[in-house]
Amino acid sequence: MPKINVIRHFTLFLVLTLISINIINGQSPKIGMPYIQHFSPEEYGGGLLNYDITQDYRGYILVGNNKGIIEYDGTDWRLYDLKPNSRIRSLYSDVKGKVYLGTQNEIGYLWPNEKGQYQYHSLTHLIPEEYREFTEIWNIFPTKKGITFANVNGILNYDFDTISFTPFRKQNIQSFTFNGMIYNQVMEEGLLYFDNGEWKLSDQGQFFSDKEVRSICSFDENKNLVSTFENGIFLVSKHHVEPWAKHLQSVFSEHKILVTKRLRDGSYAIGTSSDGLYLLEEDGSVIHHFTKGKGLESRTILDVFEDSFGNIWVGQNNDVAKIEWNSPFRYLNEEIGVQGTGYAALATADYLYLGTNNGLFYSKLKDGNTTIFHKLQGLKDQVYNIQEINGDILVACHIGAYHITDHKAAEISPGVGWWGFIETEDPNIVIGGGYAGLFLLKRNEDSWLVEKYYTGFFESCRVMEFDHAYTLWMSHGYKGVYAIDFSKNYDSLAQINFYDSTSGFNDNFGINVFKVSGENIFTTTEGVFRYDPISQTFLHTKHINESLGEDANIRYLMQDLSGDIFFIEKDYTGILKKDNWGYTFQENPLNKIHPLLNDDLEHINILNNDVVVFAAREGFILYDKSYASAFSESLQLAIREIYLPKTDSVLFRGNFISDNEIVNDQPAQMVPLFEYDNNSINIKFSAIDFDNAPTQYRYRLDGLENKWSKWTSKTEKEYSKLSEGSYSFIVEARNSHDIHSPQTSYKFKILPPWYRAQWMLFIYTISFFGLSIWLIYYNRKNKKIITKQEKALITQDQQLKEVSEKSEAEISKLKNEKLMTEIKHKKSQLASTTMHLIDKNEFLQNIQKEIHELMQSSEQKVKVKLKRIVNEIEKNKNQENHWNQFEIHFDEVNDGFTKKLRKQFPDISPIEVKLSVYLRMNFSTKEIANLSHVTTRAVEMSRYRLRKKLNLNTETNLIDFLMKI
């Protein structure tokens, strides 16, 4: 075995040994019921019967079930269905994590595969063929030579290579080991043990020749405890046998003993077939009796197992129960006769009284133990307060006050609601607080009477305390605080002073008064106060506020005989531990019960110097502060499952393997690589902590996150769309005692996409170098060609330059000639167009004139036709499109004359533009008049207006000016 694993196993053994010593030295609380958690078949996912319970070295609970092996990690159950025969009757887990199991005609073991998933490996093929048909394997235990599987006919010995069979002398249901030896009871012979290949009679073994022995447990150095199926339990020494727990002899004979186990605190767990589970002291006295309706779901106890945390696991029909035996808490609830919500408690020398909303319950205390509570008859409705005053027990109820004697209730005051009582300096006088004021009670021989109702004060009086000056301080939950002074002999109310937020309190709401170390203190929603008689105001008290903070909202507190203060704050319940310098705050021990306590009418009662009672929503909770559990000094955490959401597959199932051993830490060879397309991951984890208070976790993903998450009770975390790279998921746990686990991690790597993969980078690199080499080769190959071409190009360039110089003049000449030709052509087109227009207009005018002469004729038809012709000619002569065409040609020849003219003189009209064009073309006044269809006089007037528009003086020639534009 690797050195580190040897150290780990030795450390675990040492811790368990120290734990056992702590438990033996301590005393388990005996009053009340321990917390019991039940797991139904629906929760654990298996069958009805649970035959064998054990725990592997990591701490997981394993149960042999009739549908396979069920495993519990502190959070979830898993079922390992071992087909075809899953009715597991026995199992055993070795130090390396291998789980051996037995059923009918089948033996084998569980071992993880490469994904950490348990798989079954049969050993049946190693059995000699003549012994392969066998009945159920009822027990599995290790021996010096290997692993032994026992059935009714004999034992199968597995030495890790072969299997041999050793028969019993007669069939026997149970065989077992004790002090390293295998024992077997044989009818008519006695109790035998196997030694060097033969069966030998044990000390006083003949006594059990007619008694079916079920187990042997150590008792002391000289005696052992031997339990039988239906004949009871016996103390056996070398020369003597005597019955043990004689008062239970008939019970065990009637209900049959199926299992007996010694617990690490020295007590014994006896499981019966029809009367549940008994826990007995070494002297045989009953500590607890669990059965159906009293903590358990069944009367049949198939197996009992104490785990490494001190919890007792019970295998039953239809249920697996976990009893928190190693716990400072005990519960007084309906299972032991206490019905309803707890309000008040009182312990006398002989009895424990509990008041709830359903009445008053009592139980006789015997050696600090209680069995069942009884309801006291004669009281009405809920009980708010129980007090022992001068040896008498007074009870305040919703309707009435009572004096309890000999478990009978004598009514003191009917029809009035009472909150409680407070003693005075006179042992025969008590002040009672009611729903609507204060009462004076006096003792008359053996009875108490209400002497008077104090008039003048009508407030509800529930929380009251006297101070040193015998002033009664009464805190009202909604108004403030009253200080009440009485007259001599308490006959009347002498003076009443009222204090509220104007007297130093932060608020009027939620003020209570309690006595701590003989001094009254006032708890509020924002810290603790004391009364200063000099200033007559309330000031913060340092010794408590320094420990809890000045914003603490304490709802109830009580100081025990050691000076420790137990308190209930709005958000938590804790202890202020008294020391020489003040108080030290301890929150963790009471964390788990705070959600179970009342959120109104809170109550704490000190039963004795060690045991404290808290009123709860269901009954009461007892806390033994002297009980020190070493089991909660360590907390283990494990990665339980790795799930890949994108492929809907489980990658890992909770078992790491290294050197042929299941280990807690992930070996390097089990670090998985994920394809980039599968870059989402779901991680489940669990702390191996079987406390009913929820464990909290925090985590981070190195490679993505630098900070821890907030503490949460969730046991899984999912990450999606992770980039490529190496990651390490780190998780830490803490329990209700604020014990932190070592950090546990799971490493994995996301591969890059294929185009960023290593092999692609290699291809990219090779391609780059190949291309570079090819380019170098290509450049060198073509360098000569390029040089040669450059020389040829230079020569050609020189030749072209010479030709170019010669050709430039010719080209320029040709261009000019071409330009002159185009201008000449444009001018020709312009002149032609103009002459065409002139000829056209003259022609039309002549026709128009002749037609007018014809229109003078008397013939009507000729007139009509001629008139139509005249209109058509008028419509078509000198159309705008002719002018537009003309203007385009004119601007081409005259460098955009009309555009420049309009730009320089924006106010010029289209008629003036036409006149300017005609003048630039050097047309005469007559020609312009003909083109414009106006008289020469009109043209002259137009020229005059144009000159004014162009701002020309009389010396400037109009045509010369237009030619320069």
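Refer to the structure presented above.
Everything numeric here is computed off the predicted structure, so don't read it as measured data. (Residues numbered from 1 in each chain as written. Predicted model: local features only at pLDDT ≥ 70, side-chain atom pairs only at ≥ 80, totals over all residues. Heavy atoms only, no water.)

J.: Would you take a moment to explain the environment of Ile593 for this structure?
T.: Positionally, Ile593 belongs in the loop between β54 (582-586) and β55 (604-606). Counting along the chain gives 100 residues from Ile593 to Ala693, while the straight-line C-alpha distance between them is 8.1 Å. Sequence-distant contacts of Ile593, defined by excluding residues within four places in its chain, comprise Phe329, Tyr331, Phe614 and Ile621. (Helix = DSSP H or I, 4+ residues; strand = E, 2+ residues; numbered from the N terminus. Contact = heavy atoms within 4.5 Å.)

J.: Can you walk me through the pattern of salt bridges in this structure?
T.: Opposite charge on two side chains permits them to pair, given that their charged atoms come into close proximity. All told, the structure shown has 29 salt bridges when counted by the stated rule. For Arg169, the salt bridge goes to Glu189, with nearest N and O atoms at 2.6 Å. Residue Arg169 is found in the loop between β13 (163-167) and β14 (175-178), and its partner Glu189 is found in the loop between β15 (181-186) and β16 (190-195); the two are separated by 20 residues along the sequence. Residue classification places Arg169 among the partly exposed residues on the basis of a relative accessible area of 47%. (Salt bridge = Lys/Arg side-chain N within 4 Å of Asp/Glu carboxyl O. Buried < 20%, exposed > 50% of the residue type's maximum accessible area, 1.4 Å probe, protein only.)

J.: Hey, could you run me through the packing of helix α8 (residues 897-904) against helix α9 (residues 910-920) in this one?
T.: Describing two packed helices takes the angle between their axes plus the distance from one axis to the other. Contact pair α8 / α9: the axes reach a minimum separation of 11 Å and the direction vectors enclose 130 degrees. Relative to α9, the element α8 lies oblique. α9 is crossed by α8, and the crossing has right-handed handedness. Here Phe897, Thr898, Leu901 and Arg902 of α8 lie close against α9, whose contacting residues are Val913, Ser916, Val917 and Arg920. Of the residues in the contact of α8 with α9, the class split is four nonpolar, two polar and two charged. (Axes fitted to C-alpha atoms, helices over the stretch in contact; angles between N-to-C directions. Parallel < 35°, antiparallel > 145°, perpendicular 65-115°, else oblique. Left-handed = near helix turned anticlockwise from the far one by under 90°. Nonpolar A, V, L, I, M, F, W, Y, C, P; charged D, E, K, R; others polar.)

J.: Explain the environment of Asn318 here, please?
T.: As for its position among the elements, Asn318 is in the loop between β28 (312-316) and β29 (319-323). For Asn318, a relative accessible area of 41% translates into the label partly exposed. Taking the C-alpha atoms as reference, Asn318 lies 9.5 Å from Glu42; in sequence the two are 276 residues apart. Not counting the four nearest positions on each side in its chain, Asn318 is found in contact with Phe39, Ser40, Pro41, Tyr44 and Leu48.

J.: Would you mind showing me how to read the sheet that holds strand β42 (residues 447-453) here?
T.: The pairing of strands in a sheet comes from backbone hydrogen bonds and takes either a parallel or an antiparallel form. Read from one edge to the other, the open sheet built from four strands follows the order β39-β40-β41-β42, with strand pairing classed as antiparallel. What marks the edges here is a single partner per strand, and that holds for β39 (418-423) and β42. When strand polarity is set aside, the average angle formed by the axes of neighbouring strands in this sheet is 30 degrees. With six bridges connecting them, strand β40 (residues 429-434) and strand β41 (residues 437-444) associate as antiparallel partners. Bridged to Ile431 within β41 is Leu440. (Pairing = 2+ DSSP bridges.)

J.: Just checking my understanding: could you explain the packing of aromatic side chains for this structure?
T.: Ring pairs (aromatic) are described by centroid distance and by the angle formed between their planes. Counting across every chain of the model gives 75 aromatic pairs. Taking the centre distance of 5.6 Å and the plane angle of 50 degrees together, the rings of Tyr572 and Phe585 count as tilted. Of this pair, Tyr572 sits in the loop between β52 (565-569) and β53 (573-579) while Phe585 is found in strand β54, placing the two residues 13 residues apart along the sequence. Among the aromatic residues, those joined into a cluster by ring pairs are Phe39, Tyr44, Tyr72, Trp77, Phe309, Trp313 and Phe690. Over the ring of Trp111 we find Lys98; its NZ or CZ atom is 5.6 Å from the centre of that ring. (Phe/Tyr/Trp six-rings, centres within 6.5 Å; stacked < 30°, edge-to-face > 60°. Lys NZ or Arg CZ within 6 Å of the ring centre and 35° of its normal.)

J.: Honestly, unusual backbone geometry in this entry has me stumped. Any pointers?
T.: Of note in this structure, Lys256 is not a glycine but carries a positive phi near 65 degrees. Within the element layout of this structure, Lys256 appears in the loop between α3 (249-255) and β22 (257-262). The phi angle at Ser517 is positive, at roughly 55 degrees, despite the residue not being glycine. Tracing the chain through its elements places Ser517 in the loop between β47 (512-516) and β48 (519-524). The exposed category is assigned to Ser517, whose relative accessible area is 54%.

J.: Explain the nonpolar core here, please?
T.: The nonpolar side chains of a soluble globular protein tend to be buried with one another. Core analysis: the biggest nonpolar cluster contains 33 residues, and Leu277, Leu279, Phe290 and Leu332 have the highest contact counts within it. Contributing elements (two or more residues each) for this core: β24 (277-280), β25 (286-292), β27 (301-306), β28, β29, β32 (351-356), β56 (611-615) and β57 (620-624). For this core, the leading source of residues is β56, giving three residues. With residues up to four places along the chain from it excluded, the contact list for Leu277 reads Ala269, Ile270, Gly271, His288, His289, Phe290, Leu296, Ile301, Val304, Val314 and Ile323. In this structure, Tyr331, Tyr572, Ile593 and Ile604 belong to the second largest nonpolar core, which totals 29 residues. (Core = buried A, V, L, I, M, F, W, Y, C linked by side-chain atoms within 4.5 Å.)

J.: So what exactly am I meant to see when it comes to the pairing of strand β7 (residues 99-103) here?
T.: Strand residues, when the strand is regular, have side chains that alternate between the two faces of the sheet. In terms of residue burial, β7 counts as a mostly covered element, since five of its five residues are buried. Here β7 shows two buried faces, one formed by Val99, Leu101 and Thr103 and the other by Tyr100 and Gly102. With four bridges connecting them, strand β6 (residues 90-93) and β7 associate as antiparallel partners. When the sheet's bridge partners are listed, Ser93 is paired in β7 with Val99. Turn length for the β6-β7 hairpin, with the two strands adjacent in sequence and antiparallel, is five residues, and the turn residue Gly97 shows positive phi of about 100 degrees. For β7 and strand β8 (residues 106-112), the ladder comprises five bridges, and the chain directions are antiparallel. Note on β8: the bridge partner recorded for Gly102 is Ile107. Where β7 folds back on β8, the antiparallel hairpin that results is connected by two residues, among which Asn105 adopts a positive phi of roughly 60 degrees.

J.: Would you explain helix α10 (residues 925-932) in this entry?
T.: Because an α-helix completes one turn every 3.6 residues, residues spaced three or four positions apart along the sequence face the same direction. Inspection of α10 places Ile928, Ala929, Asn930 and Leu931 among the buried residues, and these make up the whole buried set. His933 sits one or two residues past α10 and shows a positive phi near 60 degrees.

J.: Explanation requested: the sheet that holds strand β3 (residues 61-65) in the structure shown.
T.: Judged by pairing direction, the sheet is antiparallel, and its four strands sit side by side in the order β2-β3-β4-β5 without closing on themselves. Two strands in the sheet have a free side with no partner beyond their single neighbour: β2 (50-55) and β5 (77-80). For this sheet the average axis-to-axis angle between neighbouring strands, irrespective of direction, equals 20 degrees. Bridge count between β2 and β3: five bridges; the pairing is antiparallel. Within the sheet, the bridge partner assigned to Asp52 lies in β3 and is Gly64.

J.: For this particular structure, what's the right way to read the environment of Tyr676?
T.: Relative to the assigned elements, Tyr676 resides in the loop between β62 (673-674) and β63 (681-688). Judged by relative accessible area, which is 26%, Tyr676 ranks as partly exposed. Here Tyr676 is in contact with Leu722, Ser723, Glu724, Ile750, Leu751, Pro752, Pro753 and Arg756, once residues within four sequence places are set aside.

J.: Teacher, can you tell me more about the pairing of β40 here?
T.: By the criterion of burial, β40 is predominantly enclosed, with six of the six residues buried. Going residue by residue along β40, you find Ile429, Ile431 and Gly433 tucked away on one face and Val430, Gly432 and Gly434 tucked away on the opposite face as well. Strand direction decides the pairing type here: β39 and β40, joined by five bridges, are antiparallel. Residue pairing across strands places Glu423 opposite Val430, the latter belonging to β40.

Interpretation note: all reported values are geometric properties and have no functional meaning in isolation.
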